[in-house]
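Below, each chain spelled out in residue letters.
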Amino acid sequence: MTHPFLDLPPLTAGRFAAIEERVARLLATRQDVLITQGEALLPLEGAIRAAAGPGTVALNVITGPYGQTFGDWLRDSGATVHDLAVPFHTAVTADRVREAFAEHPEIDFVSLVHAEAATGNTNPVAEIGAAVREQGALFYLDAVASVGAEPVLPDAWGVDLCVIGAQKAMGGPAGVSAISVSERAWARMAANPHAPRRSYLSLLDWKERWIDGGRKALPHAPAQLEMLALDACLERIESAGAQAVMARHAAAAAATRAGVTALGGGLTPYVHEARDAAPVATTLRAPAGHSARELVARALASDPALPLAAGGGALAEEMIRVNHYGPDATPAAVHGSLAALGATLAERGVAVDLAAARVAVDGAWR
């Protein structure tokens, strides 16, 4: 018995390298781009453990749960960490970053999440990158949720380590990820005696065996299906045009915020200002006295395909996420999500205006 997912010719080193080149074009970068064989947590952790260690003084910006995780990894690596935390309903500013530098002029590493799909905010990386360049620090960026939904430009922004994943706005697989690495980031890793070596976390192993070898021989068997899926999703973005894909995500976010405001019933955008709201997903605050988890469960009972989820962890009772990314960055997904939430609130005796929400969504979609 044959199967199209099983009976495939081996993925060649040349095809693997060509997919990396496609990622580099998407990021408009001339840095080394490495596709890592695992979910994005692999290069996110690998990059921190390679570039940070005893003697590193890090500014770790926290605008959501991933920022908290990065602080833990930095401390585990032996770095001295100064956390800059802001409320999850807003974004950090370049001025706040500069204030942290003034207070701790020894900072030489900055970690930041571009867009937090978990909290629905996005940070002004271009402005923050300018501040980091002034400081001379190494700049590490998690762009897993933002890539495909908004510009991600490592070279233009001075990002030294930029990690992306395909499973959100790119509409691709979760089983492979990528990282762009600047020359000075490679130098920092090479000078770090604590950087992972002979390890699945080791970026330096990949560099020496793959990049420095001219990308002629893969270090191990690639994740073939995931690599082919990544290639297909990159091809789809190129065909549609990256600007068009990002515009679709921005429209979905604007339409969701407008629709929720018109719907009423106490459901409101979780991120207060539209400028701080991520185009990849819109988070909503549940009405007082109502559990976000229960509202989402009831809405999904009417249509399990809707891109709705309750917030994670401590946010599960107050936050609703409309994950309008990838194939769900459409008017239908926004209309369906708000209609289901509105109907659920109406069942509970809450006054909502479903017709006004529909009009607002259509009016805001651009």
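Look up: the structure comes first, before these words.
Residues numbered from 1 in each chain as written. Predicted model: local features only at pLDDT ≥ 70, side-chain atom pairs only at ≥ 80, totals over all residues. Heavy atoms only, no water.

A. Empty space enclosed by the protein, seen in detail. Scanning the entire structure with this criterion turns up two cavities of 30 Å³ or more. Counted as a void, the largest cavity has a volume near 50 Å³. What lines the largest cavity is Thr36, Leu42, Pro43, Tyr200, Leu201, Ser202, Leu203 and Trp206. Put simply, the parts of the chain that give the lining of the largest cavity at least two residues each are helix 2 (41-51) and helix 8 (203-211). For the lining of the largest cavity, a count of residues per class yields six nonpolar, two polar and no charged. If you add up the space inside the second largest cavity, you get close to 40 Å³. Lining the second largest cavity are Val23, Ile164, Gly165, Ala166, Val176, Ser177, Ala178 and Leu230. Elements with a minimum of two residues in the lining of the second largest cavity: strand 8 (161-165) and strand 9 (177-181). (1 Å grid on protein atoms, 1.4 Å probe; cavity = no way out; pocket = protein on both sides within 12 Å on 5 of 7 lines; lining within 4 Å. Points joined across faces, edges and corners; volume = space filled by probe spheres on them. Helix = DSSP H or I, 4+ residues; strand = E, 2+ residues; numbered from the N terminus. Nonpolar A, V, L, I, M, F, W, Y, C, P; charged D, E, K, R; others polar.)

B. Highlighting the pairing of strand 9. Among the five residues in strand 9, five count as buried, and that is most of the element. Alignment of strand 1 (residues 32-36) against strand 9, held across five bridges, turns out to be antiparallel. Residue pairing across strands places Asp32 opposite Val181, the latter belonging to strand 9. For strand 8 and strand 9, the ladder comprises five bridges, and the chain directions are antiparallel. From the neighbouring strand, Leu161 faces strand 9, where its bridge partner is Val181. (Buried < 20%, exposed > 50% of the residue type's maximum accessible area, 1.4 Å probe, protein only. Pairing = 2+ DSSP bridges.)

C. Looking closely at the sheet that holds strand 7 (residues 138-142). Spatial ordering of the open sheet is given by 1-9-8-7-4-2-3, a layout of seven strands whose pairing is mixed. A single partner strand is all that each edge strand has here, and the edge strands are strand 1 and strand 3 (80-85). Strand-to-strand twist of the sheet, defined as the mean angle between neighbouring strand axes without regard to direction, takes the value 15°. Taken strand by strand, helix 3 (residues 65-76) contacts strand 2 (57-62), strand 3, strand 4 (109-113) and strand 7, and its axis lies near 160° from that of strand 2. (Axes fitted to C-alpha atoms, helices over the stretch in contact; angles between N-to-C directions. Contact = heavy atoms within 4.5 Å.)

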